[in-house]
There are 2 protein chains.
Amino acid sequence: MTMTFLPFSQSCLDMPTLAGVRMATAKTGIRYKNRTDLLFLIFERAADVAGVFTRSRCPSAPVDHCRSILAHARARGVVVNSGNANAFTGKKGRTAVKLMSEAAATALSCPVNEIYLASTGVIGEPLDARELVHLFAPLSAKAKEDNWFEAAKAIMTTDTFAKITTCKVHLDGYEVTINGIAKGAGMIAPDMATMLSFIVTDAPVSAPILQEILEDGVGLSFNSITVDSDTSTSDTLLLFSTGSATKKGMPYLNVRSDPRYKTFAEAVKSLLLNLALQIVRDGEGARKLIEVHVTGAVSDVSAKKIAMSIANSPLVKTAVAGEDANWGRVVMAVGKAGEEADRDRLSIWFGSQRFAVDGERDSTYSETIASHYMRSSEIYIRADIGLGNGAAKVWTCDLTRDYVMINGDYRS
Amino acid sequence: MTMTFLPFSQSCLDMPTLAGVRMATAKTGIRYKNRTDLLFLIFERAADVAGVFTRSRCPSAPVDHCRSILAHARARGVVVNSGNANAFTGKKGRTAVKLMSEAAATALSCPVNEIYLASTGVIGEPLDARELVHLFAPLSAKAKEDNWFEAAKAIMTTDTFAKITTCKVHLDGYEVTINGIAKGAGMIAPDMATMLSFIVTDAPVSAPILQEILEDGVGLSFNSITVDSDTSTSDTLLLFSTGSATKKGMPYLNVRSDPRYKTFAEAVKSLLLNLALQIVRDGEGARKLIEVHVTGAVSDVSAKKIAMSIANSPLVKTAVAGEDANWGRVVMAVGKAGEEADRDRLSIWFGSQRFAVDGERDSTYSETIASHYMRSSEIYIRADIGLGNGAAKVWTCDLTRDYVMINGDYRS
């Protein structure tokens, strides 16, 4: 039994500052009252940037904007507002994006294609950019380096805690820092739980290498979590390098063959996974974090499909919510995944206890032990398909009455 | 606006008898107390039979059995038990199937490959066939033609009402009858809501033609409904022809070019849809029936994938439960389907009101009208993709706190 759950002490985390990046937040009142809902993140010099975005065929206007400027791969500012997703807002949405990026570019005296935008909140409601544009100059003036918690708080929607983490890496004698913030609450919900994450490092890494590392890392982190199988129109993950560690004499990392590549890439991956697990732990209405581990599939791709089938099954998730060791539903979810599977070779574990083996209930199965295990706040489910060496891990949360309540009552 | 919801008066339906088919039920006490949970359906002469089954890669032992005998395509008896699915029961499961089919075959003096079996209930729990086998002879003795409601009741699990329907068709001067029963409650739930349906006609139709009609009809009915996106290990749909109308002189229908084919096939299809809608209407915890109609997709196949993405979205379903006209979630579900879609050509209707057009909220949108509409017990959602002529209709139900409660607490 190998569980990936991380220690969870981010709330008392001592976030280091990163030279060359400052942040300021504001209360715009667009949707939320008495809380910040606008983040302006500023790079003193243009940072290298990499990004991955929602696969939705109906992306938001800010996602379209970010995608279009990513080829330039330089960022001076990031504007994030919560409360309104500026998605499915047609021409008005594109106008709002134009006004906001122009105003932020003016405030920073930079080109428009160095301003990244992300919006999260209600869908289909026009975002009145005129209420925001006058804020960028004063925010730029008051932005400060030691402001990571405020930044994480300003981008929350239905999140119950701010998602933030940091790590230090030693690369060939130089210590560099990677800071990250995120928001989630569901894999989605157009009007509540878009997944956004912004990661900044002072390590001097060129944009193409950042992009490679990000695309590689996202598969085992943000793309391995699910709250409700729904996908936002606005998911945005951006990774920036200020490169300020060059001031200490550190040379640029701009080829994959650089011996520092692997260490840095691993650090980014573990930071992505940390943020992704914070998101799933805070899934709407969630009380339990579930790790689904599929082994013995015919390939890793097949294993991931089966794992996602289990993690997205409402019946598996409600069983966990009800603290019911209902391994039969795991069989069902393996069966419906459409991947190669053989009932008579399938084994299933909950925690360290094997519940089923070779296509039937394990003779050592104990309802008492099972019931006791299901009271845990972190549930590990493993399905061994018995056909090959393919493996995958994904994470989800339980499906509770609170999820239904939150999502049934949100907009009205 | 073209809704398919059918009048719902099955409970006071006057079910006709069908010459050549008798039914008896029993209380076995395997799981349920004080109710029938075993159905023995008997054909006086071997009936022609067609079947479709779950696509699960981990099917139940009875499904394996039915599939293996379908090539013979003759049925003298059908045994259905509720309370235990005999799924994921390994060798014990196969032994139970053998014992039950042999006992039923002995009671009817027929070969074992003319006995069809279906089981629904808890998964992974061995089914003790020895408690059932002695019942077949007495059940055979007391079976009667006028027993359709009792048959429908005996196969229920968490269903809140028995699912039953009938229709009469005139084929070239002869009146024939088609009777059907079903059980559902979810598209699935290995231990509660497997979908089973048994349909019998006195029309003399050969097995290959029955199979063709069934496979054709299931796509637009049973395969167009979803309660929770989960797929049972045990789904079984069987269509039988007793052929007893030949006694009135009616000739066999055994080629597709027969002019009666279309009329008969249409009747079967509408009966399948009727039963499928009864199942979705009785989805676990459901309070509202939802019809999702996708038009303007690039193909019918694409339209159905988009429709299923909408119908399976927990966020769309919770919004309907909360009587919230949250069309933004429909946009999200269109976007995540992975099918061709263009945000700026998308239009969305709830009932007869268009909420969104050309990628933004309709200027005529009225929150008052929308809120009023959402109080209906039947909700029609249409998404026009604006790209082609592909169309599909699927049906689902809302996702309520009761679904979570039912599925979180069932087994323990």
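Residues numbered from 1 in each chain as written. Chains lettered and ligands numbered in written order. Predicted model: local features only at pLDDT ≥ 70, side-chain atom pairs only at ≥ 80, totals over all residues. Heavy atoms only, no water.

### Points about the overall build of chain A
- For chain A, the count of helices and strands is 11 helices and 14 strands.
- Its C-alpha radius of gyration of 22 Å places chain A within 12% of the 22 Å reference for a compact globule of 412 residues.
- Summarising its shape, the C-alpha atoms of chain A cover approximately 70 × 55 × 35 Å along the three principal directions.
- Put simply, of all contacts in chain A between residues at least 6 apart along the chain, 79% involve residues at least 24 apart.
- Carbon and sulfur atoms provide 50% of the accessible area of chain A, an area that totals close to 14,200 Å².
- If the 45 positive side-chain charges of chain A are averaged to one point and the 45 negative ones to another, these points end up 4 Å apart. (Helix = DSSP H or I, 4+ residues; strand = E, 2+ residues; numbered from the N terminus. Rg over C-alpha atoms; globule rule 2.2 N^0.38 Å. Contact = heavy atoms within 4.5 Å. Areas by Shrake-Rupley, 256 points an atom, 1.4 Å probe, with all protein chains shown as cover. Lys, Arg positive; Asp, Glu negative; His and termini not counted. Charge placed at Lys NZ, Arg CZ, Asp CG, Glu CD.)

### Description of the packing of aromatic side chains
- Summed over all chains, the structure comprises 12 aromatic pairs over all chains.
- Ring geometry for Phe350 of chain A versus Phe355 of chain A: centroids 4.9 Å apart, planes at 0°, classification stacked. For the residue pair Phe350 of chain A and Phe355 of chain A, the accessibility class agrees, reading buried in each case.
- Consider the rings of Phe43 of chain B and Phe240 of chain B, whose centres lie 4.8 Å apart with planes at 40°: the pair is tilted. Taken as a pair, Phe43 of chain B in strand 2 (residues 38-53) and Phe240 of chain B in strand 8 (residues 236-241) lie far apart in primary sequence, 197 residues in all. Summarising the burial analysis for this pair, Phe43 of chain B and Phe240 of chain B share the class buried.
- Positioned above the aromatic ring of Phe161 of chain A, the side-chain terminus of Lys163 of chain A is 4.3 Å from the ring centre.
- We note Arg382 of chain B situated over the ring of Trp349 of chain B; from NZ or CZ to the ring centre the distance is 4.1 Å. (Phe/Tyr/Trp six-rings, centres within 6.5 Å; stacked < 30°, edge-to-face > 60°. Buried < 20%, exposed > 50% of the residue type's maximum accessible area, 1.4 Å probe, protein only. Lys NZ or Arg CZ within 6 Å of the ring centre and 35° of its normal.)

### Focus on the interface of chain A and chain B
- Taken together, the contacts link 70 residues of chain A with 70 residues of chain B.
- Across the chain A to chain B interface the summed buried area is about 5,500 Å²; carbon plus sulfur atoms make up 53%.
- Here chain A and chain B share 8 salt bridges between them.
- Among the salt bridges present, the one from Arg94 of chain B reaches Asp344 of chain A, with a minimum N-O distance of 3.1 Å.
- Linking chain A to chain B there are 16 residue pairs in polar contact (both at pLDDT 80 or more).
- Among the secondary structure elements, those contributing two or more residues to the side of chain A that touches chain B are helix 1 (61-69), helix 2 (90-108), helix 8 (314-321), helix 9 (327-336), strand 12 (360-361) and helix 11 (401-409) of chain A.
- Per-element accounting of the side of chain A that touches chain B gives the leading share, 8 residues, to helix 9 of chain A.
- By residue class, the composition of the side of chain A that touches chain B is 27 nonpolar, 20 polar and 23 charged. (Buried area = accessible area lost by both parts, 1.4 Å probe. Salt bridge = Lys/Arg side-chain N within 4 Å of Asp/Glu carboxyl O. Polar contact = N/O pair within 3.5 Å; in protein donor to acceptor, adjacent residues only side chain to side chain. Nonpolar A, V, L, I, M, F, W, Y, C, P; charged D, E, K, R; others polar.)

### Comments concerning the packing of helix 8 of chain A against helix 9 of chain A
Residue and element names in this part refer to chain A.
- Relative orientation of the contacting elements helix 8 and helix 9 amounts to 160°, with a least axis distance of 9 Å. Considering their axes alone, helix 8 and helix 9 lie roughly antiparallel with respect to each other. Seen from above, helix 8 lies across helix 9 with left-handed handedness. Counted together, Leu315, Val316, Thr318 and Ala319 of helix 8 and Arg329, Val330, Met332 and Ala333 of helix 9 form the full contact between these two elements. (Axes fitted to C-alpha atoms, helices over the stretch in contact; angles between N-to-C directions. Parallel < 35°, antiparallel > 145°, perpendicular 65-115°, else oblique. Left-handed = near helix turned anticlockwise from the far one by under 90°.)

### Let's talk about the sheet that holds strand 13 (residues 378-384) of chain B
Residues and elements named next belong to chain B.
- Pairing in this open sheet of 6 strands is mixed, and the strands run 12-11-10-13-9-14 from one edge to the other. The open sheet terminates on both sides in strands that have one partner only, identified here as strand 12 (360-361) and strand 14 (390-397).
- Alignment of strand 10 (residues 347-350) against strand 11 (residues 353-357), held across 3 bridges, turns out to be antiparallel. Across the sheet, residue Ile348 finds its bridge partner in strand 11, namely Ala356.
- Contacting strand 9 (289-297), strand 13 and strand 14, helix 7 (residues 300-311) runs over the sheet at an angle of about 25° to strand 14.
- Seen against the sheet, helix 8 (residues 314-321) touches strand 9, strand 13 and strand 14 and runs at an angle of roughly 140° to strand 13. (Pairing = 2+ DSSP bridges.)

### Examining the relation of the copies chain A and chain B
- Once turned by 180° and shifted 0.0 Å along the axis, chain A lies on chain B with an RMSD of 0.0 Å. On the angle and the small slide along the axis, the relation comes out as a two-fold axis. Closest approach to the rotation axis within chain A is made by the C-alpha atom of Arg401 of chain A, at a distance of 2.4 Å.
- A shared binding surface is used by both copies, with 100% of the interface residues of chain A retained as interface residues in chain B. (Least-squares fit on C-alpha atoms with pLDDT ≥ 70 in both.)

### Let's talk about helix 9 (residues 327-336) of chain B
- Counting buried positions over the 10 residues of helix 9 of chain B gives 9, a clear majority of the element.
- Those residues of helix 9 of chain B that sit buried are Trp327, Gly328, Arg329, Val330, Val331, Met332, Ala333, Val334 and Gly335 of chain B.

### With respect to the side chain of Ser140 of chain A
Residues and elements named next belong to chain A.
- Considering the arrangement of structural elements, one finds Ser140 in helix 3 (residues 136-142).
- Taking relative accessible area as the criterion, Ser140 reaches 14% and is therefore assigned buried.
- Sequence-distant contacts of Ser140, that is, excluding residues within four places in its chain, are made with Arg22, Phe40, Ile42, Ala107 and Leu108.

### With respect to the pattern of salt bridges
- Counting across every chain of the model gives 49 salt bridges over all chains.
- A salt bridge links Lys168 of chain A to Glu175 of chain A, with the shortest nitrogen-to-oxygen separation between them at 4.0 Å.
- One continuous salt-bridge network, built from bridges that share partners, spans Asp64 and Arg94 of chain A together with Arg343 and Asp344 of chain B.

### Thoughts on the sheet that holds strand 10 (residues 347-350) of chain A
Residue and element names in this part refer to chain A.
- Across the sheet, which stays open at both edges, the 6 strands sit in the order 12-11-10-13-9-14 with mixed pairing between neighbours. Because the sheet does not close on itself, it has two edges, and the strands there are strand 12 and strand 14 (390-397).
- Bridge count between strand 10 and strand 13 (residues 378-384): 4 bridges; the pairing is antiparallel. In the strand pairing of strand 13, Ser347 is matched with Asp384.
- Packing of helix 7 (residues 300-311) onto the sheet brings it into contact with strand 9 (289-297), strand 13 and strand 14, and relative to strand 14 it is tilted by some 25°.

### Observations regarding helix 10 (residues 367-374) of chain B
Residue and element names in this part refer to chain B.
- Within helix 10, the full set of buried residues consists of Ala370, Tyr373 and Met374. Within helix 10, the buried residues cover an arc of 100° as seen down the axis, which keeps them to one side. When the buried face of helix 10 is taken as reference, the exposed residues oriented beyond 90 degrees from it are Thr368, Ile369 and His372.
- Buried residues along helix 10 sit in contact with helix 8, strand 10, strand 11 and strand 13. (Arc of directions from axis to C-beta.)

### Points about the pairing of strand 4 (residues 115-122) of chain A
Residue and element names in this part refer to chain A.
- Within strand 4, 8 of the 8 residues are buried, which leaves it mostly tucked inside the rest of the structure.
- The pairing of strand 3 (residues 74-84) with strand 4 spans 8 bridges and is classified as parallel. Following the sheet pairing, Val79 is matched in strand 4 by Leu117.

### A short note on the confidence of the model for chain A
Residues and elements named next belong to chain A.
- In the predicted model, chain A carries a mean pLDDT of 89, and 93% of its residues have values of at least 70.
- Predicted confidence in chain A is weakest over helix 11, with a mean pLDDT of 75, and strongest over strand 1 (residues 21-26), with 98.
- Within the model, pLDDT remains below 50 along residues 5-11, and this stretch shows 19 contacts once partners closer than five positions in the same chain are excluded.
- Two numbers describe this predicted complex: its pTM, 0.84, and its ipTM, 0.77. (pLDDT = per-residue confidence, 0-100.)

### Re the state of the cysteines
- All told, the structure shown has 0 disulfides over all chains when counted by the stated rule.
- The thiol of Cys110 of chain B is unpaired, and the distance to the nearest cysteine sulfur, on Cys66 of chain B, comes to 13 Å. (Disulfide = S-S within 2.5 Å.)

### A look at the environment of Leu271 of chain B
Residue and element names in this part refer to chain B.
- With respect to the secondary-structure elements, Leu271 resides in helix 6 (residues 261-281).
- Relative accessible area serves as the criterion here: at 3%, Leu271 is assigned to the buried category.
- Between the C-alpha atom of Leu271 and that of Asn179, which follows or precedes it by 92 residues, the distance is 8.4 Å.
- Ignoring any residue separated from it by four or fewer positions in sequence, one finds Leu271 in contact with Thr165, Thr166, Cys167, Ile178, Gly180 and Ile199.

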